[in-house]
Amino acid sequence: MKNLEIIGYKRANLGKTDAKKLRVEGKVPCVLYGGKEQIHFETPMINFRDLVYTTDAHFINISVDGKQARAILQDIQFHPVSEIIMHADFLELADDKHIRMEIPVRTKGKAPGVAEGGKLYINHKYLLVRALPKNMPEEILIDISKLSLGNSFKVGELEPDDFELLTSDLVSVISVETPRTIKVIEVEDEEEELEEGEEGEGEEGEEGEEGEEGSKEKSEGGDSGGDSKTPKGDS
């Protein structure tokens, strides 16, 4: 498991006013719990860059005024508009206590289904894992070299050694499917063919009506023409 270091300082004052002041100064109010005592501390927001804005899982070595602790990020709160980190909770690790973490999914090999024209979809980028700290995996590695077009890899196919997967065995983690763009194009083509067929029938119908109207005009014209002629006998 990868490790990061965060150096913090104990907070002299607690409360909303002090927390707001820290955020203005570019710092994050934090709490470390799970050990003998809770420790409220502050640390620069920049320390979270490699911890939050990454797909990797980490253990964190926290140092607060000389006290050392090994922990994981348990919870983090962001401002809904500015995305500023509002607060962070860290859980102190103990060698004999199980923890839960979301571990990233990685792939190895090449899926034959992709060569057949399919597209590889990672349906779940993380899986929830329960383990002792020493057994927590850094990643969930899945071999996709046997995935053909239309096939998927489910959680139940994984064989964890010293950790427990808390995600359902029936969940499809990775699949190879026909690209959605192709499906959309096929549907659009079918709709266009249907529309063209309907328009063709309508045009033929209209032509038929015009033909009928033309024949009526001719017959009417013939009648009027006969009436306009002056009989020779009258002259």
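For the structure, check the block above.
The rules behind the values
- Numbering of residues begins from 1 in every chain and follows the order in which that chain's sequence is written.
- Given that this is a predicted model, residues contribute local features only at a pLDDT of at least 70 and side-chain atom pairs are listed and counted only at 80 or more, while totals for whole chains, interfaces and linings are drawn from all residues.
- In computing side-chain values, all of the structure's heavy atoms are included and hydrogens and water are not.
- The way it works is that DSSP assigns letters per residue, a run of H or I at least four long becomes a helix, a run of E at least two long becomes a strand, and they are numbered from the N terminus.
- Working definition: with a 1.4 Å probe on protein chains only, accessible area under 20% of the residue-type maximum means buried, over 50% means exposed, and in between means partly exposed.
- Whether two residues are in contact is decided by their heavy atoms: any pair within 4.5 Å suffices.
- Strands pair, by our definition, only if DSSP identifies at least two bridges between them.
- By nonpolar core is meant a set of buried Ala, Val, Leu, Ile, Met, Phe, Trp, Tyr and Cys residues that side-chain atoms within 4.5 Å join together.
- Classification of ring pairs rests on two measures: the distance between centres of Phe, Tyr or Trp rings, Trp counted by its six-membered ring, which must be within 6.5 Å, and the angle between planes, read as stacked under 30 degrees, edge-to-face over 60 and tilted in between.
- Grid spacing is 1 Å over the protein atoms alone, the probe is 1.4 Å, and a cavity is where that probe fits but cannot get out, while a pocket is an open set with protein on both sides within 12 Å along at least five of seven lines and lining residues have an atom within 4 Å of a point.
- Grid points are joined across faces, edges and corners, and a volume is the space filled by probe spheres set on the points.

1. Overview of the side chain of S63
Next, step 1: Looking at where S63 falls in the secondary structure, it is placed in strand 4 (residues 58–64).
Next, step 2: Take S63: its relative accessible area is 13%, and that puts it in the buried class.
Next, step 3: When residues no more than four places from it in sequence are discounted, the contact partners of S63 are I6, I7, G8 and Q68.

2. Describing the pairing of strand 3 (residues 39–44)
Each regular strand carries side chains that alternate between the two faces of the sheet.
Next, step 1: Where strand 1 (residues 2–10) meets strand 3, two bridges bridge the pair, whose relative direction is antiparallel. Residue pairing across strands places Y9 opposite E42, the latter belonging to strand 3.
Next, step 2: Examined bridge by bridge, strand 2 (residues 27–33) and strand 3 share six bridges and lie antiparallel to one another. Bridge pairing in strand 3 links V28 to T43.
Next, step 3: Between strand 2 and strand 3, which pair antiparallel and follow one another directly, the connecting turn spans five residues, one of which, G34, has a positive phi of 105 degrees.

3. Comments concerning the sheet that holds strand 9 (residues 126–131)
Next, step 1: The strand order across the open sheet built from four strands is 10-7-9-12, with neighbouring strands paired in mixed fashion. In this open sheet, the two edge strands, each paired with only one partner strand, are strand 10 (140–143) and strand 12 (164–165).
Next, step 2: Bridge count for strand 9 against strand 12 is two bridges, and the pairing is antiparallel. Considered in strand 12, the bridge of R130 is made with E164.

4. Considering unusual backbone geometry
Next, step 1: A positive phi angle, near 50 degrees, is found at D65, a position not held by glycine.
Next, step 2: Mapped onto the secondary structure, D65 falls in the loop between strand 4 and strand 5 (67–78).
Next, step 3: Residues other than glycine seldom take positive phi values, yet E83 does so here, at roughly 65 degrees.
Next, step 4: Examined against the element boundaries, E83 turns out to sit in the loop between strand 5 and strand 6 (85–92).
Next, step 5: The exposure class assigned to E83 is partly exposed, which follows from its relative accessible area of 47%.

5. What about the nonpolar core?
Next, step 1: Counting residues in each nonpolar core, the largest one holds 26 residues, and the members touching the most others are I99, M101, L127, M136, I140, I142 and I174.
Next, step 2: Mapped onto this core, the elements with two or more residues apiece are strand 7 (99–108), strand 9, strand 10 and strand 13 (172–177).
Next, step 3: Sort the elements by how many residues they give to this core and strand 7 lands first, with four residues.
Next, step 4: Filtering out sequence-adjacent residues up to four positions away, L127 remains in contact with M101, E102, I103, V105, I140, V155, L158, L165, T167 and V173.

6. Remarks on the packing of aromatic side chains
Next, step 1: All chains considered together, the criterion is met by two aromatic pairs.
Next, step 2: Arranged with centres 6.2 Å apart and planes meeting at 35 degrees, the rings of F48 and F90 form a pair that is tilted. Of this pair, F48 sits in the loop between strand 3 and helix 2 (49–52) while F90 sits in strand 6, and the two are 42 residues apart along the sequence. For the pair F48 and F90, a shared accessibility class is recorded, and that class is buried.
Next, step 3: Put simply, the rings of F41, F48 and F90 touch in pairs and so form one group of aromatic residues.

7. A word on the layout of surface pockets
Next, step 1: Its boundaries defined by the atoms lining it, the largest pocket holds a volume of some 490 Å³.
Next, step 2: In this structure, the largest pocket is lined by 18 residues; those nearest its centre are D56, A57, L73, M101 and E102.
Next, step 3: Elements that contribute at least two residues to the lining of the largest pocket include exactly helix 2, strand 4, strand 5, strand 7 and strand 9.
Next, step 4: No other element matches strand 5, which puts five residues into the lining of the largest pocket.

8. A few points about the environment of Y33
Next, step 1: Looking at the secondary structure, you find Y33 in strand 2.
Next, step 2: For Y33, a relative accessible area of 26% puts it in the partly exposed group.
Next, step 3: Separated by 38 residues in the primary sequence, Y33 and A71 place their C-alpha atoms 9.1 Å from one another.
Next, step 4: Not counting residues within four places of it along the chain, the set of residues in contact with Y33 comprises Q38, Q74, D89, F90, L91 and E92.

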